[in-house]
Amino acid sequence: MQQQEQQEKQQQKTMSLQQATVNAIRILSAEAIQKANSGHPGLPLGCAPIGYALFQKFLKFNNLDVNWDNRDRFILSAGHGSMLYYSLLYLYGFGLSKDDLASFRQLGSKTPGHPEYGQTLGVETTTGPLGQGIANAVGMALAEAHLAAKFNRKGFPIVDHYTYALCGDGCLEEGISYEACSFAGAHKLGKLILFYDDNEITIEGKTDITFKEDIAKRFTAQNWQVIKVDLTKNTEDKKTGMKKPDNIGAISNAIRKARREKHKPSIIIFKTKIGYGSPLEGSEKIHGAPLGEENIQLLKEKLGWTCEEEFEVPWEVLKHTSQPGAKGAKLEQDWKSLLAKYAIKYPDLADEYKAAMSGELPNFEKMKDLLVFDKSMSTREASSVVLNKMAALVPSIVGGSADLGPSNMSIMQDTDTVTYGDFSAKNHAGRNIHFGVREHAMAAISNGIQLHGGLRPYCSTFFTFSDYCKPAMRLSALMNIPVTYVFTHDSIGVGEDGPTHQPIEQLISLRSIPNMKVFRPADGKEVVAAWISALKGNSPTALVLSRQTLPQYKKSGLGALKGGYILEDCKGKPDVILMASGSEVDICMQARAILHKDGMRVRVVSMPCLEEFEKQDEKYKESVLPAAVKARICVEAGSPHSWYKYVGELGEIFCMHSFGKSAPAPELFKKYGFTVENIVQKAKQTYNKLWNR
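Calculation notes
Residues numbered from 1 in each chain as written. Predicted model: local features only at pLDDT ≥ 70, side-chain atom pairs only at ≥ 80, totals over all residues. Heavy atoms only, no water. Core = buried A, V, L, I, M, F, W, Y, C linked by side-chain atoms within 4.5 Å. Buried < 20%, exposed > 50% of the residue type's maximum accessible area, 1.4 Å probe, protein only. Helix = DSSP H or I, 4+ residues; strand = E, 2+ residues; numbered from the N terminus. Contact = heavy atoms within 4.5 Å. Expected span 1.5 Å × (residues − 1). Bend = angle between axes of the 7 residues up to and from the residue. Pairing = 2+ DSSP bridges. Axes fitted to C-alpha atoms, helices over the stretch in contact; angles between N-to-C directions. Patch = residues over 30% accessible without salt bridge, like charges linked within 9 Å, V, L, I, M, F, W, Y side chains within 5 Å. Areas by Shrake-Rupley, 256 points an atom, 1.4 Å probe, with all protein chains shown as cover. Salt bridge = Lys/Arg side-chain N within 4 Å of Asp/Glu carboxyl O. Lys, Arg positive; Asp, Glu negative; His and termini not counted. Charge placed at Lys NZ, Arg CZ, Asp CG, Glu CD.

Undergrad: Quick question: what am I supposed to make of the nonpolar core here?
TA: Where a protein is soluble and globular, its nonpolar side chains tend to be buried together. Phe55, Phe74, Leu91, Tyr164, Phe195, Ile268 and Ile445 are the most contacted members of the largest nonpolar core, which totals 142 residues. It is helix H5 (residues 132-151) that provides the largest number of residues to this core, a total of twelve residues. Dropping the residues within four chain positions of it, isoleucine 268 is found in contact with Ile193, Leu194, Phe195, Tyr196, Ile227, Val229, Ala254, Ile255 and Ala258.

Undergrad: Could you clarify how one ought to interpret helix H2 (residues 42-58) in this entry?
TA: A turn of α-helix holds 3.6 residues, and therefore any two residues three or four places apart point the same way. End to end, H2 covers 24 Å across 17 residues, agreeing with the expected 24 Å (1.5 Å per residue, within 8%). Largest kink in H2: about 55 degrees, centred on alanine 48, with the proline proline 49 one to four residues after it. Counting buried residues in H2 gives 16 out of 17 residues, a clear majority hidden from the surface.

Undergrad: Can you walk me through the sheet that holds strand E19 (residues 602-606) in this structure?
TA: Sheets are built from strands that pair by backbone hydrogen bonding, the pairs being arranged parallel or antiparallel. Strand order in the open sheet formed by five strands is E17-E19-E18-E20-E21, with mixed pairing between adjacent strands. Looking at which strands have only one partner, the edges of the open sheet turn out to be strand E17 (565-568) and strand E21 (652-654). Put simply, the sheet's adjacent strands are angled 25 degrees from each other on average, direction ignored. Across three bridges, strand E20 (residues 632-635) lies against E21 in parallel orientation. Each bridged residue has a counterpart across the sheet, and for cysteine 634 the counterpart in E21 is isoleucine 653. Packed onto the sheet, helix H20 (residues 584-597) meets E17, strand E18 (576-580), E19 and E20 and runs at close to 160 degrees relative to E18.

Undergrad: Would you mind showing me how to read the sheet that holds strand E16 (residues 541-544) here?
TA: Pairing within the open sheet is parallel, and its seven strands lie in the order E11-E12-E10-E13-E14-E16-E15. Of all strands in the sheet, those with a lone pairing partner are strand E11 (422-423) and strand E15 (517-519), marking the two edges. The sheet contact formed by strand E10 (residues 397-401) and strand E12 (residues 432-434) spans three bridges and is parallel. Looking across to E12, one finds that serine 401 is bridged to histidine 434. The strands touched by helix H16 (residues 439-452) are E10, E12, strand E13 (456-462) and strand E14 (484-488); relative to E13, the strand with the most contacts, the crossing angle is about 170 degrees. Sitting on the sheet, helix H17 (residues 466-479) is in contact with E13, E14 and E16, with an inclination near 160 degrees to E14.

Undergrad: Mind showing me how you'd approach a positive patch on the surface here?
TA: Taken together, the side chains of Lys57, Arg256, Lys257 and Arg260 present a region of like positive charge at the surface. Top contributing element to the positive patch by residue count: helix H9 (residues 248-260), with three residues. Judged by relative accessible area, which is 35%, lysine 57 ranks as partly exposed.

Undergrad: What exactly am I supposed to notice about the pattern of salt bridges here?
TA: Two side chains of opposite charge can pair, provided their charged atoms sit close to one another. Scanning all chains against the criterion turns up 28 salt bridges. When the shortest N-O distance is used, the salt bridge between glutamate 281 and lysine 302 registers 4.0 Å. Of the two residues, glutamate 281 sits in the loop between strand E9 (266-271) and helix H10 (293-303) while lysine 302 sits in helix H10, which places them 21 residues apart along the sequence. Judged by relative accessible area, lysine 302 falls into the exposed class, the value being 56%. Where lysine 621 meets glutamate 614, a salt bridge forms, and the shortest distance between an N and an O atom there is 3.5 Å. Assessed through its relative accessible area of 13%, lysine 621 is described here as buried. Taken together, the salt bridges that share partners define one network made up of Glu614, Glu618, Lys621 and Lys645.

Undergrad: What is the right way to look at helix H7 (residues 175-186) in this model?
TA: Here H7 is twelve residues long and its end C-alpha atoms lie 17 Å apart, about the 16 Å a rise of 1.5 Å per residue gives. Among the twelve residues that make up H7, nine are buried, leaving the element largely enclosed by the rest of the structure. Those residues of H7 that fall on the buried side of the exposure criterion are Ile176, Ser177, Glu179, Ala180, Cys181, Ser182, Phe183, Ala184 and Gly185. Packed against the buried residues of H7 are H5, helix H6 (169-173), strand E3 (192-198), helix H8 (215-221), E12 and H16. Downstream of H7 by a residue or two, lysine 188 has a phi angle that is positive, lying close to 50 degrees.

As structure tokens, then:
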């Protein structure tokens, strides 16, 4: 009897400590948002028990080594609820201080308004645009599944972790969530667990004004395990009769059930109350505005919070939340011991694993065979040649297309020496990924693959559909991660498919993204340079490739790594500079030959990547585009806006000023004036203007 009483007292103490920790998450979040006078308290107040249960009982991490390969990943897809994340990171020892919480949303703080990768230890990806985090999580789960299938051996689960994501109604309303979750279900990513904060509130009121679908049925149809937990009803412990307002046990049981399902991803639908415990509980008014001092005081009273100082937490809570990190440190040491034994038994696999996780790459610049092309070909075909050569050397390259692999020529082809295979529900070891017609999710999933580590992803579609990819591409650039985007059918050269498929404004659109490299190569050797830059860089790269066949140039090569270089020169000071990218370089080269016969000194400058050219020093840029040469012609079958900087006051820009038409490519180039004759005429006119001023 005495033993039973002691057990009940211990249980009550544990429950009380759990509740105190959950409430600490709530109060810290509310106080930080109030101090900033900006933020979203609704989600942190409602989801605090979910965050607590995950971090305290399940999430595998070492807060002293946040980049441990085999850690679990947690993504807050509903990034507006960032103070939930920061409160958890503070309590669980990821290096945030009270001062960091107090500087929430302030310039230079470690606690920005939405979670930002690289700015806060423990944040796995930048979220904020709703739905992106879900797709990132799918990419991380894909990476885990692929690496596990490739490296794990019996008794050696070197790669063995879960990916968790927390989303809200807004994430599931965004189309990207449907794309990504459909992909995850089709590929049986069983170690992906999604928490859905189902609070039935949106900024404009109740979600049912616009969002009425049965989420459980939707995810069941997408081959997910569906688990439901109602956190809106207070329950009692049957033994003690003690109230369990947050029901940590139910949350924990749901997570355990999700972890047991190995062949389907799981969604746990948590019925919650937005703004739990505050006077604005259940109202849209709590979503995106501080509570106010009076309401915070009422919140503390309702939760029984007795700490008087701002951001003060009981020492018992801090002691309690220190335990998972200590456990994780031990787990990492055990894992390192396992990896050491693995290296003895499987030395080649261990070396490959370590090279993959470190991002090790060969010295491509010294591989002269990469630069050998024995015939004219489209740059999409050249890219296929280069990709397959590089993929044979770099086992960590994975990727695919949004159902356009044969057209994009983005498939890694099996040979006698290397087998790539297709990533599928039955073969997670495959390196060719079939993304389906899901461009937006494809790009965001690729971000997740890159963020996970151990793999170098590329993804591909027609260039005009880069518009579908752009929100995720912007995040690639914002996070400074080297995802490679392969875009083919790069201009009106697409031809008969017409203006819907002929990109015009897409080049300037991508070039306008800070930290994005856009390569539009003119031949095979420039394609090699583009791929080297993509794989060796620390930012995303778009390869923009032609459908039509282009010649190979004798003097092209790795000079393209500088973004712009002299492809063909003249003796002495040029009379005219012709500059272009991609397929239009050929028009300039042919025009140069005619102008040369007419006695003009002409330099042709290939400009495959304006961003890389701008990184060069002024001396180099002056050597390529000398200021003294005023007669300049810029040629590109796209929007003109990229070229005003280079053409000068007296030059001419020859670009597209309208959408295209449906017709064979040669007819379109002729209709819009992209002919050798036109460029010759423009060059002469521009040069003559200088002498007639």
